[in-house]
Amino acid sequence: MENEVSEIELTPKQRVAALRETLEKARDESGKERVLILTHRSPDPDAMGAAVGMKLLIEEAFQMRATIATVGRIHRAENQAMVRELELDFSDSEKMDHSKFMGLVLVDTQPSFGHTTIPGDLPVLAVIDHHEPPSIDVDPDAQEATHLEDIRVGVGATSSMVFEYLCEAGIQPDARTAGAIFCGVRYDTGDLAEGVTDLDQRAWFDCFRRADQGALQRIQRPSLPAAYFSQLAIALRSARQHGNMVLGLLGEVVNPEAVSEMADFFVRLEDCRWSLVGGSYEGDYYLSLRTSVGESGAYNLLGVILEGKGSFGGHGRIAGGRLALDDPIDTSLREIEREIRERVLLIIGRGAGSDEPDSEMRLGRPLA
Ligand SMILES: [Mn+2]
């Protein structure tokens, strides 16, 4: 009955027209020429690829100015290599003057997500994303978005969605932009292995062809700092295999992205269907969940594990969450890791048909 109009899917051409119209209206109302493009904290390749593509779209197709800003450092060696090799240039959102912008375009995230900081009173003009939107359990009228929303959960990468905008607007991505979009699709779909639509395939192949392939190779296998290997040693010692899952609760980690890095690593264990890795960094506890190729439901699974605590997000095979640690940090950290371990073992135990896992499952098998 209600909201029937919003259920009608727009064509790619209509999406470009709607975005153009939204930005032009904001420009005319604010008298400002510049759009701020923002994504989630410590952006991953898909977030960066989508942001770089969006900047090209706004500047070339809409003839406006755009700035990409990020929050939080980029730690992962592959992601740092992407910035370096493609000469990407991002401003620090926490150090900039937001008053010169007409508003925000958010990519690869949504305004209510815990790892996303919306600066001051800048209006959100558009949201382009492929993550599961949060379930709405309050008054639906109060939640009605005033901004343009293009959220397609079935698409493998936000970068692919932005690629489609560029194609429809008649803009050919240059080598840099194509490289960034390619890295985004590569990372979020595991090189088209899962969660893939025709659009992801088109974006992957077309952008691969246009990119500097030498740079792509250097991004995929960058040299790694010594800290990576120390972290790996700790992770290998502390991780346990419980049935078809690897659980690695690492205590304090060298950087928050080490958590997702190790989750990506452990899920490759033979016969492993999912990996969950956690670690604390500067007062927060980070969690990353991965499911193996052909599986899905990472977002739902992490939701069940967290039981409404903290914030989390994700899609098919990838999910991440964050919990605030209390004072004293050490005690709080031990407690959180104990709770997560018990919760996960209970979930596995139920899956095997009993309420409690047996003692062998409870202790887990060391990986190294
Ligand atoms: Mn993404």
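Cut-off values and rules
Residues numbered from 1 in each chain as written. Predicted model: local features only at pLDDT ≥ 70, side-chain atom pairs only at ≥ 80, totals over all residues. Heavy atoms only, no water. Domains from an automatic or database assignment. Contact = heavy atoms within 4.5 Å. Buried area = accessible area lost by both parts, 1.4 Å probe. Salt bridge = Lys/Arg side-chain N within 4 Å of Asp/Glu carboxyl O. Polar contact = N/O pair within 3.5 Å; in protein donor to acceptor, adjacent residues only side chain to side chain. Helix = DSSP H or I, 4+ residues; strand = E, 2+ residues; numbered from the N terminus. Phe/Tyr/Trp six-rings, centres within 6.5 Å; stacked < 30°, edge-to-face > 60°. Buried < 20%, exposed > 50% of the residue type's maximum accessible area, 1.4 Å probe, protein only. Donors = N, O, S within 2.8 Å, 3.2 Å for Na, K, Ca; no water. Pairing = 2+ DSSP bridges. Axes fitted to C-alpha atoms, helices over the stretch in contact; angles between N-to-C directions.

Digging into the domain arrangement of the protein
Logical step 1: Considered domain by domain, the protein is made up of domain 1 (10-220) and domain 2 (226-366).
Logical step 2: Each of domain 1 and domain 2 was reduced to a C-alpha centroid, and the two centroids are 28 Å apart.
Logical step 3: Domain 1 puts 19 residues into the contact, and the matching count from domain 2 is 16 residues.
Logical step 4: Across the domain 1 to domain 2 interface the summed buried area is about 1400 Å²; carbon plus sulfur atoms make up 50%.
Logical step 5: Ranking the residues of domain 1 by area buried against domain 2 places His75, Arg76 and Glu194 at the top, with a combined share of 40%.
Logical step 6: Of the charged contacts, one joins Arg76 and Asp264 as a salt bridge, the two residues approaching to 2.8 Å between their closest N and O atoms.
Logical step 7: The tally of links from domain 1 across to domain 2 stands at 5 residue pairs in polar contact (both at pLDDT 80 or more).
Logical step 8: At the level of secondary structure, the elements contributing two or more residues to the side of domain 1 that touches domain 2 comprise helix H4 (77-85) and helix H7 (175-189).

Focus on the packing of aromatic side chains
Logical step 1: Going through the model one piece at a time under the given rule, you end up with 7 aromatic pairs.
Logical step 2: Residues Phe265 and Phe266 carry aromatic rings whose centres are separated by 5.6 Å and whose planes lie at 55° to one another, so their mutual orientation is tilted.
Logical step 3: In textbook terms, an aromatic cluster arises when at least three aromatic residues are bridged by ring pairs, as seen for Phe182, Trp204, Phe205 and Phe208.

Here we look at unusual backbone geometry
Logical step 1: Cis rather than trans, the peptide bond between Asp327 and Pro328 has omega equal to -10°.
Logical step 2: Mapped onto the secondary structure, Pro328 falls in the loop between strand S12 (318-324) and helix H13 (329-351).
Logical step 3: Unlike most non-glycine residues, Asp108 shows phi in positive territory, near 60°.
Logical step 4: Inspection of the secondary structure puts Asp108 in the loop between strand S4 (101-107) and strand S5 (124-129).
Logical step 5: On the basis of relative accessible area, Asp108 is assigned to the buried category, the value being 1%.

Examining the coordination of the manganese ion
Logical step 1: Within the protein, the atoms that donate to the manganese ion are Asp46 (OD), Asp108 (OD), His130 (NE2) and Asp188 (OD), at distances of 2.1 to 2.3 Å.
Logical step 2: Written as a sequence motif, the donor residues of the manganese ion are D-x61-D-x21-H-x57-D. Taken together, the residues Asp46 in helix H3 (residues 45-61) and Asp188 in helix H7 connect sequence positions 142 residues apart.
Logical step 3: You can call Asp188 buried: its relative accessible area is 9%.

A look at the environment of Ala126
Logical step 1: With respect to the helices and strands, the residue Ala126 is situated in strand S5.
Logical step 2: The exposure class of Ala126 is buried, given its relative accessible area of 1%.
Logical step 3: Placed 22 residues apart in sequence, Ala126 and Leu148 show a C-alpha to C-alpha distance of 4.4 Å.

A closer look at the sheet that holds strand S2 (residues 65-70)
Logical step 1: A sheet is described by the order of its strands in space; here 6 strands give the open sequence S3-S2-S1-S4-S5-S6, paired in parallel fashion. In the strand order of this sheet, the two ends are held by strand S3 (91-92) and strand S6 (148-151), each with one partner.
Logical step 2: Both strand S1 (residues 34-38) and S2 contribute to a ladder of 5 bridges, which runs parallel. The residue bridging Val35 from the neighbouring strand is Ala66, located in S2.
Logical step 3: Those strands touched by H3 are S1, S2, S4 and S5, and its axis lies near 165° from that of S2.

Notes on the side chain of Asp284
Logical step 1: Mapped onto the secondary structure, Asp284 falls in strand S10 (residues 284-291).
Logical step 2: Of the residues examined, Asp284 reaches a relative accessible area of 17% and is grouped as buried.
Logical step 3: A polar contact is formed between the side chain of Asp284 and the side chain of Arg322, at a distance of 3.1 Å.
Logical step 4: Each residue touching Asp284, except ones within four places of it in the same chain, is listed here: Gly279, Arg322, Leu323, Ala324 and Leu325.

Points about the pattern of salt bridges
Logical step 1: Scanning all chains against the criterion turns up 23 salt bridges.
Logical step 2: Across the pair Arg15 and Asp150 runs a salt bridge whose closest N-O atoms are separated by 3.7 Å. Taken together, the residues Arg15 in helix H2 (residues 12-30) and Asp150 in strand S6 connect sequence positions 135 residues apart. Across the pair, Asp150 and Arg15 agree in class, each one buried.
Logical step 3: One connected set of salt bridges, linked through shared partners, spans Glu9, Arg15, Asp150, Arg152 and Glu164.

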